[in-house]
Amino acid sequence: MKTILVDAINGFVLEDGSILEPMYKLLESYPNDKLVLTGANDEQFKKFKLDQVPYEVFTLKHNPEKTNPEYFNILLEEYGLTTDDVIYFEHNSEATKTAQSVGIKTYFYDHTKEDIVELKQFLDENL
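Conventions used here
Residues numbered from 1 in each chain as written. Predicted model: local features only at pLDDT ≥ 70, side-chain atom pairs only at ≥ 80, totals over all residues. Heavy atoms only, no water. Phe/Tyr/Trp six-rings, centres within 6.5 Å; stacked < 30°, edge-to-face > 60°. Helix = DSSP H or I, 4+ residues; strand = E, 2+ residues; numbered from the N terminus. Buried < 20%, exposed > 50% of the residue type's maximum accessible area, 1.4 Å probe, protein only.

(A) Local environment of the packing of aromatic side chains. Considering all chains together, one arrives at nine aromatic pairs under this definition. On the numbers, 5.4 Å between centres and 75° between planes, the contact of Phe-58 with Tyr-71 is edge-to-face. Here the residue Phe-58 occupies a position in strand β3 (residues 56-59), and Tyr-71 occupies one in helix α3 (residues 69-79), the gap between them amounting to 13 residues. The class of Phe-58 is buried, set by a relative accessible area of 3%. Geometrically, the ring pair formed by Tyr-107 and Phe-122 is stacked, given 5.2 Å between the ring centres and 25° between the ring planes. In this pair, Tyr-107 is assigned in strand β5 (residues 105-108) and Phe-122 in helix α5 (residues 116-126), connecting sequence segments 15 residues apart. Classification of Phe-122 by relative accessible area gives buried; the value is 7%. One aromatic cluster is present, built from ring pairs that chain together Phe-58, Tyr-71, Phe-72, Tyr-79 and Tyr-88.

Don't take any of this as a statement about function, it's just geometry.
The structure is reproduced here in structure tokens:
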């Protein structure tokens, strides 16, 4: 069963540190493991309340950023996953392209639209 890689800030977690409730309800409708991805450092981790999200959080504290393929290589290695084991959604178009470049099936989530219907379609088609 594939792990859902969830974009943290401007995806699952809003600027004020709250969770986007419709996305949480959508994610909870899938039995898959979820892993929240961020580049947050310790200060940002506190600011965005990432210690309070209901799923495990992975960060490399901006070293490297999600726009660097090495971020995803380290993630996959650390969790013993392959690109076939995961799907991902991300609000940053450059990070989306980077994840795709290493072979991860990735959806660009436009956080300004909060289009949960399109996200659900992506998840349904790829899980």
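Picking up where we left off.
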